[in-house]
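Geometric and topological summary
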Amino acid sequence: MSNFFDRLEEMKTLITSNTKLNKSVGYSTLLHYQEECSNSPPSLQALAESSCSFLHFIIADVSDDDEEIAAQALKCLGFMVYHPSIVATIPGENAKMVLESLAKLIIATKMKSICNLGVWCISVQQIEASVLAAHSDSLLQAVVHALDNPIGSLSTTFEAMQAVMKLVAQLRGKMRELSHIWVPPIYRRLLSDDKRERDMSERCLLKIRSTIIPPPPFLSKVIVQDLKKMLLSRMKDLLNKGMKVQSIRAWGWFIRILGSHAMKNRHLINDMLKVPEKTFSDCNPQVQLASQAAWEGLIDALIHPQILDIRLEATLENDVQRSKTSAKNIGEMQSNGFFKSTKLIMTPLNGIILSKCDISVHLTCLNTWCYLLHKLDTSVNSPPVIELVLDPVFEAIFRSGPDCQSIWLWDFCLGLLDDLISLKCGDMSFDLNGQVSPYLSDRLSVSGASLSSKSSWKCYPIKWLSQDLSHLGFYLKMISIIISHASKQTATLQTKSLACNAALRIFGSVLKVAQTELKNESLSYETIILCLKTILGFIKMICEDACTGGGAGNDLILTSLKLIEVVTEESSPSILGSPLYKVALDLKYIGNLKIVDLRNENFLHQSSIAYMDMVSPMVYLIVLYISVVVQLTLISPELEHVLQGLQKLFKFVLSHYDPLEYLLVSIDLLYKHKGQNCMQIWMAMAKGLTDYIDGTKYLYELKTEFDSGSYTAVCYLLSYPFLVWSSSLEILTPLKVGGSLNDSVSLSGEKLQHTIEVWKSLYGSICTTNSISSEINSFTADLCSMLSQCLDEKANLFECGSELDVSYVDLTLNFLSLSGEGIVFVLEQILTSDMNSDGIIAGHECNCRTFSGINSIFEFAARYLKMSCIKIRAESETCLVISRVFSALAGLLGCIHLKQDIVSFFEIISSPLLQWLSHAEIPDQRVKHQLGILWSEILNCLQRSRPPIMFDTSFLKLQANLLEKTLCHPNSSISDPTIAFWNATYGMHTKLDYPSNLLHVLDKLSRNGRINLQKRSVPFLKRCYSTLADETVPQRYRVTATHNRSSKRVELMGTIVNQFEKDDKLPSSSKAKKRELTEHQKEVRRAQQGRDRDCAGHGPGIRTYTSVDFSQGNEDSLESQDIRNPEAILEMLRKAA
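Below or above, wherever it landed, is the structure these notes cover. (Residues numbered from 1 in each chain as written. Predicted model: local features only at pLDDT ≥ 70, side-chain atom pairs only at ≥ 80, totals over all residues. Heavy atoms only, no water.)

Summing up its helical and strand segments, the protein has 51 helices and four strands in all. For the protein, buried positions account for 54% of its 1137 residues. For the protein, the exposed surface amounts to about 50,200 Å²; the carbon and sulfur share of it is 53%. (Helix = DSSP H or I, 4+ residues; strand = E, 2+ residues; numbered from the N terminus. Buried < 20%, exposed > 50% of the residue type's maximum accessible area, 1.4 Å probe, protein only. Areas by Shrake-Rupley, 256 points an atom, 1.4 Å probe, with all protein chains shown as cover.)

Remark: helix α42 (residues 878-893) packs on helix α44 (residues 925-943), axes separated minimally by 8 Å, with the N-to-C direction vectors making an angle of 15°. Between α42 and α44, the angle is such that the two are roughly parallel. α42 and α44 meet at a crossing whose hand is left-handed. Residues Cys879, Leu880, Ile882, Ser883, Phe886, Ser887, Leu889, Ala890 and Leu893 of α42 pack against Arg926, Val927, Gln930, Leu931, Ile933, Leu934, Glu937, Ile938 and Cys941 of α44. (Axes fitted to C-alpha atoms, helices over the stretch in contact; angles between N-to-C directions. Parallel < 35°, antiparallel > 145°, perpendicular 65-115°, else oblique. Left-handed = near helix turned anticlockwise from the far one by under 90°. Contact = heavy atoms within 4.5 Å.)

With that out of the way, let us pick up the side chain of Ser578. Mapped onto the secondary structure, Ser578 falls in the loop between α31 (573-576) and β1 (583-584). Here the side chain of Ser578 touches Leu580 through a polar contact of 3.1 Å, landing on its backbone nitrogen. Those residues in contact with Ser578 that sit more than four places away from it in its chain are Pro573 and Ser616. (Polar contact = N/O pair within 3.5 Å; in protein donor to acceptor, adjacent residues only side chain to side chain.)

A few words now on the packing of aromatic side chains. Counted according to the given criterion, the structure contains 29 aromatic pairs. Plain terms: the ring middles of Phe858 and Phe905 are 4.8 Å apart, the flat faces sit at 70° to each other, and that makes the pair edge-to-face. Of the two residues, Phe858 is situated in helix α41 (residues 854-871) and Phe905 in helix α43 (residues 899-917); the sequence distance between them amounts to 47 residues. Each member of the pair Phe858 and Phe905 is classed as buried. Connected via pairs of aromatic rings, a cluster forms that spans Phe906, Phe951, Phe955, Phe981, Trp982, Tyr986 and Tyr994. The ring centre of Trp253 lies 4.8 Å from the NZ or CZ of Arg256, which sits over that ring. (Phe/Tyr/Trp six-rings, centres within 6.5 Å; stacked < 30°, edge-to-face > 60°. Lys NZ or Arg CZ within 6 Å of the ring centre and 35° of its normal.)

On to the side chain of Thr690. Mapped onto the elements of the fold, Thr690 is located in helix α36 (residues 679-696). Residue Thr690 is classed as buried on the basis of its relative accessible area of 5%. When neighbours within four sequence positions are excluded, Thr690 is seen to be in contact with Ser761, Leu762 and Ser765.

Before going further, it helps to examine the pattern of salt bridges. Tallied over the entire structure, the rule returns 30 salt bridges. As a salt-bridge pair, Arg188 and Asp226 come within 3.2 Å of each other at their nearest N and O atoms. Residue Arg188 is found in helix α13 (residues 184-188), and its partner Asp226 is found in helix α15 (residues 217-240); the two are separated by 38 residues along the sequence. The class for Arg188 is partly exposed, based on a relative accessible area of 34%. Using a relative accessible area of 7% as the deciding quantity, one classes Asp226 as buried. The partner of Asp586 in a salt bridge is Lys540, with the nearest N and O atoms 3.4 Å apart. Note that Asp586 is positioned in the loop between β1 and α32 (588-591) and Lys540 in helix α29 (residues 525-547), a separation of 46 residues in sequence. The network of salt bridges with common partners includes Arg209, Arg256, Asp300 and Lys375. (Salt bridge = Lys/Arg side-chain N within 4 Å of Asp/Glu carboxyl O.)

Printed below as a string of structure tokens:
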């Protein structure tokens, strides 16, 4: 260490000598030693401790007339004032002495190198700011002197600008106050002919920009004077020389430094604006890029804190107070020319965005626009600013579409718009002093990196505030522009996909904002209604435009449906389903539909929906959705994903809203369309309802009371396929052979099978979910009644013959298949359901109640059998369904025991069954076999009735037509059971009045010995005859009053029968004299004859089995037995023998 101090003393001795050579060697050695010490902390510390002893000699030598000595001294001084370890050891008085000597040297010296080194010392010094502030005036004067560059050295200018930047960093406030002194020499060099000088000046201004912008008033006044004197004319000279880039770059700094004084010097500004007018219109991209960069200077001049009155407190106020504050601020902005200035700034930017120029120009323009958004601070969120600044740029870029040239612009603006909207739904605890919209910085960095070769992108934080409903119209306008690309015929599939996805994403964000705002209790009723009308009106516009766009609008149609789905999913049911919020059903499609009244509309408790009805928003959306799907079915055959969406939507609505209301609305709209194309819509709705029922596992939500129409509504839904097929038959009836068939009418077997499966699934879910059998019985009865009515109305269409188109025949068979499958499934559900309490399950033979809806089921089956008998063909798949219907009916009959059910079935089924049994030859063996089984089960069912059926003359007349066909039927599986039935029933009776149509059949079979006509008892007849001759015989008959006032019951007394059985043979005389009847017997005979006349006495009445009372020995019988004369009975038996 002693060696080190010895070296320092040696250097000091050389420096303090009077000879030039020694001084030069001493400073050279010291400078070299300083460089060595910089890498050795111990040596540097020793140098710092002894530096004060060198400082006085060095300060004296910097002013030496010898340039070499002065230069070496300045270099050593520069090291001492630069290195923090050495600066810390310099006392304050010595530091002041250093600064004063440097300031004097810079001003006084005539040597360029010395001046440069003096300024360099100022630019590298690390002296404390307090010391610098005390000598700021002298230092600034020296630096300005160097900037003015009297020597004319470019290096001096460079060092002076470096010194300026150093002083600004150390004395920011002081330098800003004195900026009018040192800034002008810098900006004046922006118009220099020397490019290096221009570049140095611009780099310096960029470094000190945050200090001088916005400019202090004194600085603005100085530049105003400079512009008027020389700068403006100099810019115009450069323009005329073709130096547009240099001129517009200088113009940008001038206008930026001019600041708020720009509005006070309108004539000057108007004159200055002539420069960018010429550069913005230039075709050279470089000029346009420079113009937009310079345009940021105008933004700095016109948009500054003094002109913005949006304060931090505004973000913390509630929405109502914020609206009042915003209105006040807008008025103040308008009064101070804020909007006029903003409009001026946006004019060239809008022109560039709309022009077809290089992508780099567009990106730079967008960057300049983002700088404007940044400078607008929180006022960027006000509606007038959004309309003036955001709207035109978004609209221009979104209308251009996401093509390969503008995809980056498209993505950036989509992200910016999404950020603007989404902030409402994000975290509200943000810092307004540096808030960057979510994801914005990352997105801009990616875009900038991708385009770094074309443009220099800068990231500017934008202070988005939480949005309210005041911007709803702006958002929806942008979405409509974005989504319009989906309907353009020239757009590629990728473009359409990008547009649709973007629209859905933005729309979802908008709905989240709306949903959040609608929860605000302070929101007025009128505001809520206006919001709902705005959203629904937007969706209606998109849907109607899509449906009228033809084939090119398929993507738009699909997107419009997804928009509706987004609304239903994102919006609260308490808003969309509330009875308080009603909107007019102003859909043109509904206005063009005919009003279709459903049968039994009083069960539905509401009238058919009509154009301009006031409905809830959810009803509006459901009607709109179904209307769009109906129109889409006419355009696109492939709708699987659309139908899945409808199914999902239908289930969602039933699960979250009043299911009955929306079920009725959907069914009502469905019934307004009867085309085969709507069957797919029906399937989707039926699946949705099935999913809802299966999901809830009970129908409490769907059914409040039975009379409310919940089951009736489902009946209408289940009846729809039958209505569609029958309507299609009616449409096709006029078509003769050779006529064409619309493809939309025909339905493939696969889709028919799908329809059947969906129908079964829905019906089965309803039956298996509800455990209350009486409700299911009534539901099944109502459904079968509706289906029977549908079959009745179209029954005449099945009698058209063979003159119709083959396609019509196929459609007819499809209809029969659908009807048959429906019957079979209903019957199977009845058999498999737990309905023991209803008395139709085997094993319940007493005290059983009849199934309330069984007659409706029988009637439905009868209608089907009647129609299927007309159109049966051997090669048709319908035969399989018919055979299954016969089998299902036979299975049901096997479970029926109650006489009233059996008799009702026989009465209802007799007519169609007779048609089937009258077929000369049934082509399908399956049908033939099952028909035989059904007939056998009918006969067995009649015999096991509880209470038993009386097989007398009246019931024989009811069965006569069927027995005529079955007793001698060519199919032994039908004739043999019928003969056995006869012998076990009618063949066991002693007296019957045979219908005339049975005589030839009975005659043939009796002569063959296959049937028994009557049970013969000759002793009985003898005793009967002898008893009649006895006047003291007991009364042989009894006349009993019945419930029917027009008839009486006459019965043979049991004692008479017993007497007949005791006698062994008849009297020898076979013809006894006929006795005269008593008055009482005459009365009975008249009653018997009167039975064959109608109640009015106008001729023979119609005798039906429904008036027969089968109760045996019942005093309240409803029908009298026939009384025959014994002589007539004997004569008949003789003839038969």
